[in-house]
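Residue-level listing of the chains:
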Amino acid sequence: MKKVTIHALQKKKAEGQKICVVTAYDAAFARIFDEAGIDALLVGDSLGMVIQGQASTLPVSMEHMLYHTQAVSRGAQRCHIVADLPFGSYQASDEEAVRNATRLIAEGGAGSVKLEGGESYASTVKRLVRAGIPVMGHIGLMPQQVHNMGGFVVQGRGEEEAQRIMRDAKALEQAGVYALVLEAIPAELARTLGAMLSIPTIGIGAGKHCDGQVLVSYDLLGLMADFKPKFVKRYANLYATVLEAAVQFCEEVRAEHFPGEEHSFHAMRLVASNPPMEEEPGRTGFDYGAPI
Ligand code: KIV
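Predicted model only: the values in this text are computed from it and were never measured.

### Remarks on the packing of helix 5 (residues 94-106) against helix 6 (residues 122-130)
Running from N to C, helix 5 and helix 6 point in directions that differ by 45°, and their axes come no closer than 9 Å. With respect to helix 6, the element helix 5 is oriented oblique. Considering only the axes of helix 5 and helix 6, their crossing is right-handed. Touching Asp94, Glu95, Ala97, Val98 and Ala101 of helix 5 are Ser123, Thr124, Arg127 and Leu128, all from helix 6. Residue composition of the contact of helix 5 with helix 6, by class: 4 nonpolar, 2 polar and 3 charged.

What follows is the structure, given as structure tokens:
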């Protein structure tokens, strides 16, 4: 199956087609999103919060990112895969950035990497692009800068901040990012940025004028019961679905309704009433993994 390329994503902007991106952290969800027609899967360092239960993305390591990027790569055949460079993996030097980004591509199977930062990271972006690594930028609210930003707060509401974000966007485009995530900025500013840049803008909490949208999949699916920021729309309530399934499982186990006869194996020679199983070619003995 043909992979979605960064050029295909850029062509979408040129043709006025919206780009759909969600985060993915494992093979099972990656496979579903791939089948759904999502354009790109972001193995976001948001995994620190939604998978690991941390209060921020800061504790996420390169090893965590590699583990999840590999899992997503195994699940997705068509989607472009973007892997986040985690906090501390690209700030110390451009050489370290290249080393770590290379691992996400070569060992993780990602098609590009994403890093948070504006103008001051333009040289890092240039170095990565020169090394053959496609880079997605990320400005506005940058969760890895949560301590500098005074929390998870909307950016660019004032004129001075908006001007700084525009300078960041221009510098990153010139440095060679192929697309730019705009997080938690006013919709009007995102519209201005989209018109100013030739690369696609992917918004999260940045209004409808972006060239594409990204959501954390666990938010979109309604898995996070206690967390629903203004910019999130829940397309499902999987928290309730999973809760109901788990409660039902407990009830059935306690009432001895599960497992039923159809879920049980028997030793053929010991149980006289058990008819011998029809053996499929290449399968002998117990039918352990019959397809559903
Ligand atoms: O880590 C992440 O999930 C992200 C998105 C919020 C854009 O960076």
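### Focus: the packing of aromatic side chains
Using the criterion set out here, one finds 5 aromatic pairs in the structure. Ring plane angle 75° and centroid distance 5.7 Å describe the contact between Tyr25 and Tyr218, whose orientation is recorded as edge-to-face. With Tyr25 in the loop between strand 1 (19-23) and helix 2 (27-36) and Tyr218 in helix 10 (residues 217-220), this residue pair connects regions lying 193 residues apart in the sequence. Each member of the pair, Tyr25 as well as Tyr218, carries the same accessibility label: buried. An aromatic cluster of at least three residues, connected via ring pairs, comprises Tyr25, Phe29, Phe33 and Tyr218.

### Concerning the pairing of strand 7 (residues 201-204)
Burial of strand 7 is two-sided: the residues Thr201 and Gly203 facing one way and the residues Ile202 and Ile204 facing the other way are all buried. For strand 6 (residues 179-183) and strand 7, the ladder comprises 4 bridges, and the chain directions are parallel. Its bridge partner lying in strand 7, Leu182 is registered against Gly203.

### Structural notes on the sheet that holds strand 7
Spatially, the 8 strands close up into a barrel ordered 1-2-3-4-5-6-7-8, and their pairing is parallel. Mean inter-strand twist for the sheet, computed between neighbouring axes without regard to direction, equals 25°. The sheet contact formed by strand 5 (residues 135-140) and strand 6 spans 5 bridges and is parallel. Bridging from a neighbouring strand, Ile139 pairs with Leu182 of strand 6.

Reading the values: rules and limits
- Residues numbered from 1 in each chain as written.
- Predicted model: local features only at pLDDT ≥ 70, side-chain atom pairs only at ≥ 80, totals over all residues.
- Heavy atoms only, no water.
- Axes fitted to C-alpha atoms, helices over the stretch in contact; angles between N-to-C directions.
- Helix = DSSP H or I, 4+ residues; strand = E, 2+ residues; numbered from the N terminus.
- Parallel < 35°, antiparallel > 145°, perpendicular 65-115°, else oblique.
- Left-handed = near helix turned anticlockwise from the far one by under 90°.
- Contact = heavy atoms within 4.5 Å.
- Nonpolar A, V, L, I, M, F, W, Y, C, P; charged D, E, K, R; others polar.
- Phe/Tyr/Trp six-rings, centres within 6.5 Å; stacked < 30°, edge-to-face > 60°.
- Buried < 20%, exposed > 50% of the residue type's maximum accessible area, 1.4 Å probe, protein only.
- Pairing = 2+ DSSP bridges.

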